[in-house]
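# Chain and residue survey
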Amino acid sequence: MKGEVEIWRGDSLIHKESNMIVDGAGVIIADMMTATPSLSGYDPTLSSVLDPSNYCIQAISFGTGKDAFTSNAHNTGEPLGILIQQRQVYVWDNKQEEALLFVNFSAIDGSAYIPEAGFPEAPNPQLTRLEMGDTTTYQILPSEANVSSYFVGNGQLVNLLPSSIVLNTTEITGANEVDKKVIGSTLGCFPPGGVPSISAIAIFSDGSELSSLIGSSTFNSASSMDYSGFVSFQKGVSDPASGLVVAPIGFSYLSGVEYSVELGPGDLQCANLYGGIYHLGLWCLDLQQSLRSGNIPPYSFSILNNPRKYRLFAIKSFNVDITKNEDNGSTSGFTNYASDQNLLIKWKLKFL
Amino acid sequence: MNFIEEKSINGHLTIIKKYSSGKEEILLDENNIIVSGMGFALSKFFSHNHATNNTILDYQIGKFQVGVSGPPAGGVVSSIFELSGALSSISEYGLGSNLVIESLQPIIGTGVGAAKPFANIPHSKITRVGDSSVRYTLVIDEEACNNLTRDSSDAYLNEIGLFVNNPLGSASENPILVAYKTFSNIYKTSDFSLIFRWTINF
């Protein structure tokens, strides 16, 4: 088994590299090869246990280096420092924006934001998530509780920034509404769908500021990404803006399959501010873990309370941030995420 | 970080000759060849393009054939879809044997071939032997495949293939060859059984 990832910006191929199939892929196929028909006969409610989709690739996710989760837009400065106070003001004043993102940097080489991500995890066939280190974000909230007591990092970029998600997901429990909004803006990492409603403010080292209204999210417009950052597979759909889609390569299945997904400008700009994207991961359903958790198939996808458990199948790591942007003449790279700058990810898998 | 990493699917076959006295003799202990049908079956599986009645059982390795004309004339290459000389009738597999035989049309290239007999692999003979390893234990008992002939001459077992059950989800069930191995000639008689212990690492 092998794979290759292509990344296209418009008509330009900007990356084309091999991926790494991790050990979990072999485990999934061995699970599939040894599933016994007696499972469905034992309990009629388990009749869907023999559905092939329980073992197929069902999601893609995006990751960055573990250091990114305590810096960039995750970090609002010292506890209750100036930036978190500004966030509180915006939340309390009920401004039009759902949240504000702040990044603080020196504009040395233009004004595109270059996230701090440290050294992202090196590719390793034993990986079970995109970043194995601690990716929990530690930040004191207005109530003086810590973000980490509500959400432990899962090794990838999450989708808790939209208020419709962070206020309603069953993952964040016990926090008040103000805390929840600050938790969402602290954890990130993708803007809401629909009308753009989130602003990013760059505070440069000379004290000047630059504001940018972030475009809407392709994922959240299509409701394809759950709170924990998994973009769900869309069966019977060919538009990669709808989520993860698949098609056979060539005429027959002898050449493998190609998964594809599209990130919109808003997704790219927002992910850039939260640490960029250095990892891509393809995930299968982990039926064994799902059953152990008391969930029986079929597993319907849910943004707010996803019953699906995933197992990493393949990973692609980059030594550059694929959300990286550049200044364009006098236009700042911080704001220069044009609507035609979608990234199309094509992930080809061959099984022999 | 341009890591070019593949995860190769490979297999290992051990053939054991077992006499009714209990005496055992290992005839072969070698790697097999995984053929393009494995790529076809897994690509079909991961394409999500499943037929309405497809279940996970359709994508499992659940059948095998033995033959008497190995190795193939074009060599043992990954592009083969069939055995060179698979046994041609249910009676050749042995009417008194414990094998469950059915006649099916295998997938050959982009079409299906003529119907041939296939032996089923019972689920009790499919064992998980590691996180990503599965062992198939195929037993050709004392009553199976005995005293075979071709053109009035003795015929020797010398090839075997594993098949995925029915990746297209056809109502008529069309298996596809996924692993193949040739071995030295074995003239099968009722004096012994043959045990094929075949491990596939995914």
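Nothing here was measured: the structure is a model prediction, and the numbers come from that model.

### With respect to the overall build of chain B
- Counting its regular elements, chain B contains two helices and 15 strands.
- Computed over C-alpha atoms, the radius of gyration of chain B comes to 17 Å, within 12% of the 17 Å expected from 2.2 N^0.38 for 202 residues, which places it in the range of a compact globule.
- When the backbone C-alpha atoms are referred to their principal axes, chain B occupies close to 55 × 40 × 35 Å.
- Evaluated residue by residue, chain B yields a buried proportion of 44% over its 202 residues.
- Within chain B, contacts between residues at least 6 apart in sequence are counted, and of these 68% link residues at least 24 apart.

### Focus on the pairing of strand 10 (residues 257–263) of chain A
All names here are of chain A.
- Among the seven residues in strand 10, seven count as buried, and that is most of the element.
- Alternating residues of strand 10 divide into Val257, Tyr259, Val261 and Leu263 and Glu258, Ser260 and Glu262, and every residue in both groups is buried.
- Of the strand pairs in this sheet, strand 9 (residues 245–248) and strand 10 are connected by four bridges, and their pairing is antiparallel. Pairing of Ala247 across the sheet is with Glu258, part of strand 10.

### Some thoughts on the environment of Ser91(B)
All names here are of chain B.
- Structurally, Ser91 can be placed in helix 2 (residues 90–93).
- Exposure remark for Ser91: the 10 C-beta atoms within 10 Å place this residue in the exposed category.
- Taking the C-alpha atoms as reference points, Ser91 and Leu57, 34 residues apart in sequence, are found 27 Å from one another.

### A short note on the interface of chain B and chain A
- Facing the 38 residues of chain B at the interface are 44 residues of chain A.
- Elements represented by at least two residues in the side of chain B that touches chain A include exactly helix 1 (36–46), strand 9 (126–130) and strand 10 (133–140) of chain B.
- Ranked by the residues each element gives to the side of chain B that touches chain A, the list is headed by helix 1 of chain B, at nine residues.
- Split into classes, the residues belonging to the side of chain B that touches chain A amount to 17 nonpolar, 15 polar and six charged.

### Side note on the sheet that holds strand 13 (residues 343–350) of chain A
Residue and element names in this part refer to chain A.
- The strand order 2-1-13-10-9 describes an open sheet built from five strands, whose pairing is antiparallel. Of all strands in the sheet, those bounded by a partner on one side alone are strand 2 (12–18) and strand 9. Pairs of neighbouring strands in the sheet enclose a mean axial angle of 20 degrees, with direction left out of account.
- Pairing between strand 1 (residues 2–9) and strand 13: eight bridges, direction antiparallel. Paired with Ile7 across the strands is Ile345, a residue of strand 13.

### Remarks on the environment of Ile90(B)
Residue and element names in this part refer to chain B.
- Relative to the helices and strands, Ile90 is located in helix 2.
- Using a count of 15 C-beta atoms within 10 Å as the deciding quantity, one classes Ile90 as partly exposed.
- Sequence separation of Ile90 and Phe118 is 28 residues, and the distance between their C-alpha atoms is 8.4 Å.
- With sequence-adjacent residues up to four places away left out, Ile90 is seen in contact with Ile101, Ser103 and Pro117.

About the cut-offs
Residues numbered from 1 in each chain as written. Chains lettered and ligands numbered in written order. Predicted model: local features only at pLDDT ≥ 70, side-chain atom pairs only at ≥ 80, totals over all residues. Helix = DSSP H or I, 4+ residues; strand = E, 2+ residues; numbered from the N terminus. Rg over C-alpha atoms; globule rule 2.2 N^0.38 Å. Buried ≥ 20, exposed ≤ 12 C-beta atoms within 10 Å, placed from the backbone. Contact = placed C-beta atoms within 7 Å. Pairing = 2+ DSSP bridges. Nonpolar A, V, L, I, M, F, W, Y, C, P; charged D, E, K, R; others polar. Axes fitted to C-alpha atoms, helices over the stretch in contact; angles between N-to-C directions.

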